[in-house]
Each structure stands twice: as C-alpha cells, then as structure tokens.
Amino acid sequence: MTTLPLNLHNVGVPPIKCQGIKTKLVRFIFRNIKWESGNEGKWVEPFLGSGVVALNLAPNRAILSDTNKHIIGFYQAIQSGEINGPSVRAYLEQEGSQLAAIGDEYYYTVRSRFNRGGSPLDLLFLSRACFNGLMRFNRRGEFNTPFGHKPKRFSRAYITKIVNQVIWTAKQMHGKEWVFRVATWEETFADVSSSDFVYLDPPYIGRHTDYFNTWDSDEAERLAFAAQNMPCGFALSMWLKNRHRKNEHIDDCWPGLDIRICRHFYHLGATEELRGEMDEALIIKPGFSIPDQLSRWVQPLQEPVPQFQLDI
C-alpha cells in the first residue's frame, strides 16, 4: 500500500530530463499530499515527463501516460529489460567515442537516425549530449535540440552516472503493476476510479512553448474543469508567480482548492522573465492535503526510497 505524506531522505534522479522536471520539488510534493492507496488505488500521471515523481514514490499500482511516444517507449524498454545497465554502458561507450572523434556532425547523425527510427537508446544519448541537457521536440514530434558543444561529454564517470540512474529506475519499477502508455490526459482520465490519486504536471501556461503536442489556454481550461469533476483526489503543480508577474490561470481556473507554495530557482529559460526565483504552487483537492504547518514536520510513514548506487 502506498501512503502519503512521506519524507524522502534521498531523491532519485531519472536517466532522462524534461523541461520543468520536478527533482527539486519531490519532497515538497510528498509532504503535502494525504492519500492511502489501499488495495485498489492507483497513482495516475497523465503528463509523465521525466517520471521523477512516480519513480521516487514507487507505488504498487500506477497508470503513467504521456502523449510523447518516445518517453513512454524509453520507460517501457527499461520495464521490459530491453534497456539495462550493461546495454546502456556498451551503447554510450561506443556512441560517446564516435562523438569525441567526429564532434557535432556525429550528434546530428544520431539525431537524424532517432527522428527516423525512434530508438530509446538514441533518445538517451541525445538528451545527454544536447544543449542544456533537456529534450525538446517540434510539433512534428521530432527531436530538435541543438548540440551541446561538448564532444567529450561521455567520460567513464559520466557514463557510470547514467548507468546507475537506469539501474535505479529499473529497481523502482520491479515487481510493480505499472502501465506505461501513450495517451492524452482525457484518455487517461477515463480509467480513473475513486480510490486513485492523480498527479498533474501539465505544460505551464505562459512558460512552455514547445510541448510535444500543442498546448494552449483552451486545453488548460478543459483540464481544470475535468480534473475538478473527477471522483478521486488530485494535485496540480503549476507556477504561481515570480518578480515579474502572477499566473492568473490559477485564480481563474483552479479556485477554492488547497494550495501549498514552495519557492525555488529556475536556471533555464529563453528570456530573463523565465529565469530566477519562482513561487511554485501545489494545488490539492480539499480532503487530500495536510495542514500547512504540519507539512514541514511530517514523519515518514513508510520506508524512504534509497538512492541506488552501483560500485564499479
């Protein structure tokens, strides 16, 4: 049975990163949600992204979906054992040596190969060799992040770090009833029951401009209406405000819900408005949050997920 709130002693890092990854916010999220899965309840994420939240919670049952077929395919490959520590090491040693020898031309060769065939290992390579280390896709679903200008990126230590992350990811999935699938949030909502909990991390209104599929204010409003009419608990991550402006979408579309706020720092962004300190909101359905003053002091209700280390 999965139980929240939860204090994590260590936050595991997944092998791929997406814009808006929640690694720094996992503890904040887990401290503020109140939910017990029971025997039937599922953890549901319609916007899986990097998977960092689900992987650190490691629930017994989960539906994990995204419209990005490449992300889902990557995690399905780890789940099935097609991708594992040794295969990742062998692949990155080979491709890394080619990148070091040839340079940016080889990066774009792999990128073209991936956009033709969609290899999950090529996705891993690109996400680690690209500019800023973040995946980005155009509206045709093609990986389009440019080269990160580090041809010797794949050192032995760096490859080992990635291998460790893949092994940790497989460990978190092992023995769990997790379903990874390519689906829209509407399709995912159709399978939600009253004992489930839905964690929502949609593209941020006013910040994300290159989601795998189009995302606009109309769809964000539809999501808000549908979520607030679900039979189960839910929580939404969304930026609240920075020194330049406030996110009016929260007041307009998510009123009357419990809100918890965490301040953190965005290092990435195309403009100054998208960088700097940010108040991040966790918006929770009433009845599924714990009192704000207790969220800072909650004790662990289950064993924390360890950070897996591989000796080499």
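Keep in mind that what you see is a predicted model, and the values were worked out from it rather than measured.

Q: An account of the packing of helix H4 (residues 85-102) against helix H6 (residues 120-129) is requested, with residue identities and associated values reported.
A: Look at H4 against H6: their axes get within 11 Å of each other, and the N-to-C directions meet at 50°. It follows that H4 is oblique to H6 by the angle criterion. Note that H4 runs across H6; the crossing there is right-handed. Of the residues in H6, those in contact with Val 88, Tyr 91, Leu 92, Glu 95, Gly 96 and Leu 99 of H4 are Leu 121, Asp 122, Leu 124, Phe 125 and Ala 129. Taken together, the residues of the contact of H4 with H6 sort by class into eight nonpolar, one polar and two charged.

Q: Account for the packing of aromatic side chains, naming residues and giving values.
A: The relation between two aromatic rings is expressed through the spacing of the ring centres and the mutual angle of the planes. A full pass over the atoms with the stated rule returns 16 aromatic pairs. Centre to centre, the rings of Tyr 107 and Tyr 108 are 5.1 Å apart; their planes meet at 85°, and the pair counts as edge-to-face. With centroids separated by 5.5 Å and ring planes inclined at 85°, the aromatic side chains of Phe 137 and Phe 143 adopt a geometry described as edge-to-face. Through a chain of ring-to-ring contacts, three or more aromatic side chains come together here, namely Trp 35, Trp 43, Phe 197, Tyr 199 and Phe 288.

Q: How would you explain the pattern of salt bridges if you had to name every residue and give the values?
A: This structure, assessed with the given rule, holds eleven salt bridges. With a shortest N-O distance of 3.6 Å, Arg 61 and Glu 177 are connected by a salt bridge. Taken together, the residues Arg 61 in strand E4 (residues 61-66) and Glu 177 in strand E5 (residues 177-182) connect sequence positions 116 residues apart. Under the relative-accessibility criterion, Glu 177 is labelled exposed at 54%. The partner of Arg 263 in a salt bridge is Glu 277, with the nearest N and O atoms 3.9 Å apart.

Q: So what's going on with a negative patch on the surface? Residues and values would help.
A: Where like charges cluster on the molecular surface, the negative patch consists of Asp 216, Asp 218, Glu 221, Glu 248 and Asp 252. Those elements that place two or more of their residues in the negative patch are helix H9 (217-227) and helix H10 (248-253). With respect to the helices and strands, Asp 216 occurs in the loop between strand E6 (197-200) and H9. Residue Asp 216 is classed as partly exposed on the basis of its relative accessible area of 40%.

Q: Quick rundown of the confidence of the model for the chain? Include the residues and the values.
A: Reading fine detail from the predicted coordinates is not recommended where pLDDT is low. Looking at the chain as a whole, the pLDDT averages 88, with 87% of positions reaching at least 70. Taken as a whole, residues 268-274 scores under 50 in pLDDT and shows 17 contacts with residues more than four places along the chain or in a different chain. Counting contacts from residues 297-312, a segment whose pLDDT is below 50, to residues more than four positions away or on other chains yields 42 contacts.

Q: Describe H9, and please don't skip the residues or the numbers.
A: Taken together, the buried positions of H9 are occupied by Glu 219, Ala 220, Leu 223, Ala 224 and Ala 227. Here the buried residues of H9 occupy an arc of 145° about the axis, which is enough to place them on one side. The residue sitting at the N-terminus of H9 and contributing the capping side-chain oxygen is Asp 216; that oxygen lies 3.2 Å from the backbone nitrogen of Asp 218.

Reading the values: the criteria
- Sequence order as written defines the numbering, with residues in each chain counted from 1.
- Side-chain atom pairs in this predicted model are given and counted only at pLDDT of 80 or more, local residue features only at pLDDT of at least 70, and totals for whole chains, interfaces and linings cover all residues.
- Values shown for side chains rest on all heavy atoms present in the structure; no hydrogens or waters enter the calculation.
- Think of each axis as a best-fit line through the C-alpha atoms, taken over the contacting stretch in the case of a helix, with angles from 0 to 180 degrees between the N-to-C directions.
- A run of DSSP states H or I qualifies as a helix once it reaches four residues; a run of E qualifies as a strand once it reaches two. Both are numbered from the N-terminal end.
- Roughly parallel covers angles under 35 degrees, roughly antiparallel covers those over 145, roughly perpendicular covers 65 to 115, and oblique covers all other angles.
- Left-handed describes a crossing whose near helix is turned anticlockwise from the far helix by less than a right angle; the clockwise case is right-handed.
- In what follows, a contact means two residues having at least one pair of non-hydrogen atoms within 4.5 Å.
- Each residue is assigned to one of three groups, with Ala, Val, Leu, Ile, Met, Phe, Trp, Tyr, Cys and Pro labelled nonpolar, Asp, Glu, Lys and Arg labelled charged, and all others, Gly among them, labelled polar.
- Two rings from Phe, Tyr or Trp (for Trp, the six-membered ring) form a pair when their centres sit within 6.5 Å of each other. Planes less than 30 degrees apart are called stacked, planes more than 60 degrees apart edge-to-face, and all others tilted.
- We define a salt bridge as a contact between a side-chain nitrogen of Lys or Arg and a carboxyl oxygen of Asp or Glu at a distance within 4 Å.
- Relative accessible area decides the class of each residue, using a 1.4 Å probe on protein chains only: under 20% of the type maximum gives buried, over 50% gives exposed, and in between gives partly exposed.
- A patch consists of residues whose relative accessible area exceeds 30% and which take part in no salt bridge; residues with like charges are grouped when within 9 Å of each other, and nonpolar side chains (Val, Leu, Ile, Met, Phe, Trp, Tyr) when within 5 Å.
- Here, Shrake-Rupley sampling with a 1.4 Å probe gives the accessible areas, and only protein chains in the shown set may cover a residue.
- Neither His nor the chain ends is counted toward charge; the positive residues are Lys and Arg and the negative residues Asp and Glu.
- Positions of charges follow a simple convention, taking NZ of Lys, CZ of Arg, CG of Asp or CD of Glu.
- Confidence scores labelled pLDDT are given residue by residue by the predictor and lie between 0 and 100.
- As used here, the arc is the angular range of directions from the helix axis to the C-beta atoms.
- Between N or O atoms, a polar contact is any pair within 3.5 Å; within protein, one atom must be a potential hydrogen donor and the other a potential acceptor, and residues adjacent in sequence are included only when both atoms are from side chains.

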